[in-house]
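Residues per chain, in single letters:
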Amino acid sequence: MILNRNIFPKKAPPSRFHMDEPNARNSISEQLAELLSPHSHRELVIVCIGTDRSTGDSLGPLIGTKLSEKRLSKFTVYGTLEYPVHAVNLEEKLAEIDQNHRNPYIIGIDACLGRLTSVGHITVAKGPVKPGAAVNKKLPEVGNIHITGIVNVGGMMEYFVLQNTRLHTVMKMANLVASSLHLTDHTLSERTEQKSSLLQTLKPSIFLRERKETHL
């Protein structure tokens, strides 16, 4: 018997953007807004995973620090250079998020290793990020969606590779992701305000219609 694989919907492929693309900031932000808009009524939490003790693994906390310096109305950020979220405290931080936020929608952010031709690419996709996978650590998966940045080449001596990753590459990617998320925050806030204004506009007509129906 031949199984028709089209019966089940295919999972959307991840979106990839290179940090040197001219319009990367807007493209990443548009993709994030599309993924987050259906869930913008929930508490949106960003978990930036990594440590400042390793250049390659500092992408997450660098992004978290840059976001914490901006005014965000839709996002709550965990994981900065001062207060990193890493292998040692990840489970504790996830429990803290679960306690502090009701039904949060989580964006997991982490650095990763990949092919030489993929270095500099940023991936945005549905599903959790799997921290520690590059160095064979089993850690809890994080996020309803995730953002990853390929900071260096994987395949062997991962710890050494992460320690010897160029800071310039990591900083450039961190600036781009933080800027994209800041723009997404602005976009989601505007959409929320537009919905609120529309509801305010509709309220008088709904009220009058209800009065008319009641009067009849």
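Rules of the game
- Residues numbered from 1 in each chain as written.
- Predicted model: local features only at pLDDT ≥ 70, side-chain atom pairs only at ≥ 80, totals over all residues.
- Heavy atoms only, no water.
- Helix = DSSP H or I, 4+ residues; strand = E, 2+ residues; numbered from the N terminus.
- Buried < 20%, exposed > 50% of the residue type's maximum accessible area, 1.4 Å probe, protein only.
- Contact = heavy atoms within 4.5 Å.
- Areas by Shrake-Rupley, 256 points an atom, 1.4 Å probe, with all protein chains shown as cover.
- Pairing = 2+ DSSP bridges.
- Right-handed = clockwise from strand over helix to strand, strands pointing away.
- Axes fitted to C-alpha atoms, helices over the stretch in contact; angles between N-to-C directions.
- Core = buried A, V, L, I, M, F, W, Y, C linked by side-chain atoms within 4.5 Å.
- Patch = residues over 30% accessible without salt bridge, like charges linked within 9 Å, V, L, I, M, F, W, Y side chains within 5 Å.
- Salt bridge = Lys/Arg side-chain N within 4 Å of Asp/Glu carboxyl O.
- Expected span 1.5 Å × (residues − 1).

A. Quick look at the overall build of the chain. Across its full length, the chain carries five helices and six strands. Its helices and strands taken in sequence order, the chain reads β-α-β-α-β-α-β-β-β-α-α from the N to the C terminus. Across the 216 residues of the chain, 44% fall into the buried class. In the chain, 74% of the contacts between residues at least 6 apart in sequence involve partners at least 24 apart. With the model as given, the accessible surface of the chain reaches about 13300 Å², and the carbon-plus-sulfur share is 53%.

B. The pairing of strand β3 (residues 75-78), seen in detail. Of the pairings in the sheet, the one linking strand β2 (residues 44-48) to β3 comprises four bridges and is parallel in character. Considered in β3, the bridge of L44 is made with F75. You can see the chain leave β2, run along helix α2 (residues 59-68) and come back into β3, and the turn it takes is right-handed.

C. Summary view of the sheet that holds strand β5 (residues 121-126). Taken in spatial order, the six strands of this open sheet run β1-β5-β6-β4-β2-β3, and their pairing is mixed. Each edge of the open sheet carries a strand with a single partner, namely β1 (15-18) and β3. If you compare each strand with its neighbour and ignore which way they point, the axes differ by 20° on average. Relative to strand β6 (residues 145-153), strand β4 (residues 105-114) runs parallel, the two sharing eight bridges. Directly across from C112, in β6, lies its bridge partner I150. Sitting on the sheet, α2 is in contact with β2, β3, β4 and β6, with an inclination near 135° to β2. Running over the sheet, helix α3 (residues 90-100) touches β2, β3 and β4 and is turned about 155° from β3.

D. Spotlight on the nonpolar core. Counting residues in each nonpolar core, the largest one holds 35 residues, and the members touching the most others are L36, I63, I109, I147 and L181. Counting residues per element, the ones that place at least two in this core are α1 (24-36), β2, α2, β4, β5, β6, α4 (158-163) and α5 (167-215). Among the elements that take part in this core, α5 stands out by supplying eight residues, more than any other. The contacts of I109, once residues within four sequence positions are left out, are I46, V47, C48, I49, I63, I147, V177 and L181. Core analysis: the next-biggest nonpolar cluster, separate from the first, contains eleven residues, L90, L94, I106 and V129 among them.

E. Geometry of unusual backbone geometry. Located in the positive-phi region is N103, a residue other than glycine, with phi close to 50°. Note that N103 resides in the loop between α3 and β4.

F. Structural context of a nonpolar patch on the surface. A contiguous nonpolar surface patch, about 370 Å² in accessible area, is contributed by M156, M157 and F160. As for its position among the elements, M156 is in the loop between β6 and α4. Classification of M156 as exposed rests on a relative accessible area of 57%.

G. Representation of α1 in the model. An ideal rise of 1.5 Å per residue puts 18 Å on 13 residues; α1 measures up with 18 Å between its terminal C-alpha atoms. Three or more residues of α1 are buried, namely A24, I28, S29, Q31, L32, A33, L35 and L36.

H. Spatial organisation of the pattern of salt bridges. The final tally for this structure, using the stated rule, is two salt bridges. Across the pair D20 and K172 runs a salt bridge, and its minimum N-O distance is 2.5 Å. Of this pair, D20 sits in the loop between β1 and α1 while K172 sits in helix α5, and the two are 152 residues apart along the sequence. Given the relative accessible area of 46%, D20 is considered partly exposed. In this structure, the salt-bridge partner of E96 is K93, at a minimum N-O distance of 3.5 Å. On the criterion of helical spacing, the pair formed by E96 and K93 is a turn pair, its members being three residues apart in helix α3.

Note that every value here comes from positions in space, so none of it alone points to a role or purpose.
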